[in-house]
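Descriptive structure summary
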Amino acid sequence: MIATNFVVIGVGNEYRRDDGVGPAAAREVGRSRPGWRVLISDGEPTAMLDAWAGTRLAVVVDATVGTGPPGAIRRHEIGEASLARRSRHAGSHSLGPAEAWALSRILGIDPGRVVVYTLEVTEVGYGVGLTPATAAALPAVVRAVIDECER
């Protein structure tokens, strides 16, 4: 797959401890795959729309809280079913990826697919640095994102 056919978007706030896992994952993907289109976002929906417009695949990495054991990684493919469930990921983001995808469909700029990887985290208060459990799970989510893009 040619790098322009997809984008990896790490969503989060690095000054809110584990909420920085999305940006950390994006940086690791970028380091291991130079030339890939990798972006960091604070979750603002129009930034995601701009980032994934014209791509076949958008892979989003974000933190989630309270949905499972720390370090658990989940894969969600965004579509009509996920929007119907009103899929939301915890954090400081006003709209989740599902709502951004729905808006991009209305605007005619939706990617072929949006896949969201969430990593269950524990600390999203003020501070920098990932907790040990989140840092330990980071390589697995990075590997999952790379595998997704290389399929």
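Heads up: these notes are all about the structure in this document. What you see is a predicted model, and the numbers here were worked out from it, not measured in a lab.

What follows covers the packing of helix α2 (residues 45-52) against helix α4 (residues 97-107). Contact geometry for α2 and α4: axes closest at 10 Å, N-to-C directions at 60°. By the angle class used here, α2 and α4 are oblique. α4 is crossed by α2, and the crossing has right-handed handedness. Taken together, the residues of α4 that come into contact with α2 (itself represented by P45, M48, L49 and W52) are P97, A100, W101, L103, S104 and L107.

Attention now goes to the side chain of T118. Within the secondary structure layout, T118 lies in strand β5 (residues 113-120). Polar contacts involving the side chain of T118 include one to the side chain of H76, which spans 3.4 Å.

Most of β5 is tucked away, with seven of its eight residues classed as buried. Pairing analysis gives eight bridges linking strand β3 (residues 57-64) to β5, with the strands arranged parallel. Looking at the pairing, L57 lines up with R113 of β5. One ladder, built from six bridges, connects strand β4 (residues 73-78) with β5; its direction is antiparallel. Counterpart to H76 in the pairing with β5 is V116.

Calculation rules
- Residues numbered from 1 in each chain as written.
- Predicted model: local features only at pLDDT ≥ 70, side-chain atom pairs only at ≥ 80, totals over all residues.
- Heavy atoms only, no water.
- Axes fitted to C-alpha atoms, helices over the stretch in contact; angles between N-to-C directions.
- Helix = DSSP H or I, 4+ residues; strand = E, 2+ residues; numbered from the N terminus.
- Parallel < 35°, antiparallel > 145°, perpendicular 65-115°, else oblique.
- Left-handed = near helix turned anticlockwise from the far one by under 90°.
- Contact = heavy atoms within 4.5 Å.
- Polar contact = N/O pair within 3.5 Å; in protein donor to acceptor, adjacent residues only side chain to side chain.
- Buried < 20%, exposed > 50% of the residue type's maximum accessible area, 1.4 Å probe, protein only.
- Pairing = 2+ DSSP bridges.

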